[in-house]
Amino acid sequence: PGNTTDIIPRTELYKQALATGRINITLCNMHGSCTCYVVNPYGWTNGADCDTAAARTDSLMYAAIEALKVLPPLPTIIVGDLNAPLHRLPSVMELINNGWRDVGHNAFVWGRTPDLPTCEATNCTNPPTRRDYIIANPSFTPMILDFNIHWHDEYAVHAGTQVLFRPLGTNI
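Let me sum up the structure you'll find in this document. (Residues numbered from 1 in each chain as written. Predicted model: local features only at pLDDT ≥ 70, side-chain atom pairs only at ≥ 80, totals over all residues. Heavy atoms only, no water.)

1. Here we look at unusual backbone geometry
- Of note in the backbone geometry, Asn83 takes a positive phi value of approximately 55° without being a glycine.
- Locating Asn83 in the fold gives a position in the loop between strand E4 (76–81) and helix H3 (90–97).
- Residue Asn83 is classed as buried on the basis of its relative accessible area, which comes to 12%.
- Phi at Asp115 takes a positive value of approximately 60°, unusual for a residue other than glycine.
- Within the secondary structure, Asp115 sits in the loop between strand E5 (101–102) and strand E6 (132–136). (Helix = DSSP H or I, 4+ residues; strand = E, 2+ residues; numbered from the N terminus. Buried < 20%, exposed > 50% of the residue type's maximum accessible area, 1.4 Å probe, protein only.)

Written as structure tokens, this is what we have:
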């Protein structure tokens, strides 16, 4: 068993972002062998088509990225519903251009199909989309053993996005 602790805001930007209730950074300690950050964003709806929604979500991500810069470096994973394609979020694209990995896009690394949809709104005729992401920094990525997208009857609109990982140097 491990434990988690919410990160106390050290930047004004992250403090403001946290107050929206749409993002959180958690420090996770797993069995004492690995400590990592988990960033959990929930982007504004319709970031694919609405510039304002995409910009607001990007601001959340920018605030979280700035918050991580003042914390000790650790393996970090972003897990959440960004409600926008990544190309609409410049702060996230900058992470990817600097070695972070969009796990769903790179699912082939774990023998899975890349870019599977994760969202199927039941009230519209649009095709399913990929708006839920797992994005790992370069020190988290080598710990990933598997990745999966699965649909479950209890969650009719969103697929589950899962990553199985093992802290480096452990047998857990």
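Having seen the structure, we can now continue with the description.
2. Examining the layout of surface pockets
- Space inside the largest pocket adds up to approximately 370 Å³.
- Looking at the largest pocket, it is lined by 18 residues, and the ones nearest its centre are Asn46, Cys119, Ala121, Thr129 and Arg131.
- In terms of residue class, the lining of the largest pocket is made up of seven nonpolar, seven polar and four charged.
- What the second largest pocket holds in volume is close to 320 Å³.
- What lines the second largest pocket is a set of 17 residues, among which Ile65, Leu68, Lys69, Leu95 and Trp100 lie closest to the centre.
- Counting residues per element, the ones that place at least two in the lining of the second largest pocket are helix H2 (51–69) and H3.
- With five residues, H2 is the single largest residue contributor to the lining of the second largest pocket. (1 Å grid on protein atoms, 1.4 Å probe; cavity = no way out; pocket = protein on both sides within 12 Å on 5 of 7 lines; lining within 4 Å. Points joined across faces, edges and corners; volume = space filled by probe spheres on them. Nonpolar A, V, L, I, M, F, W, Y, C, P; charged D, E, K, R; others polar.)

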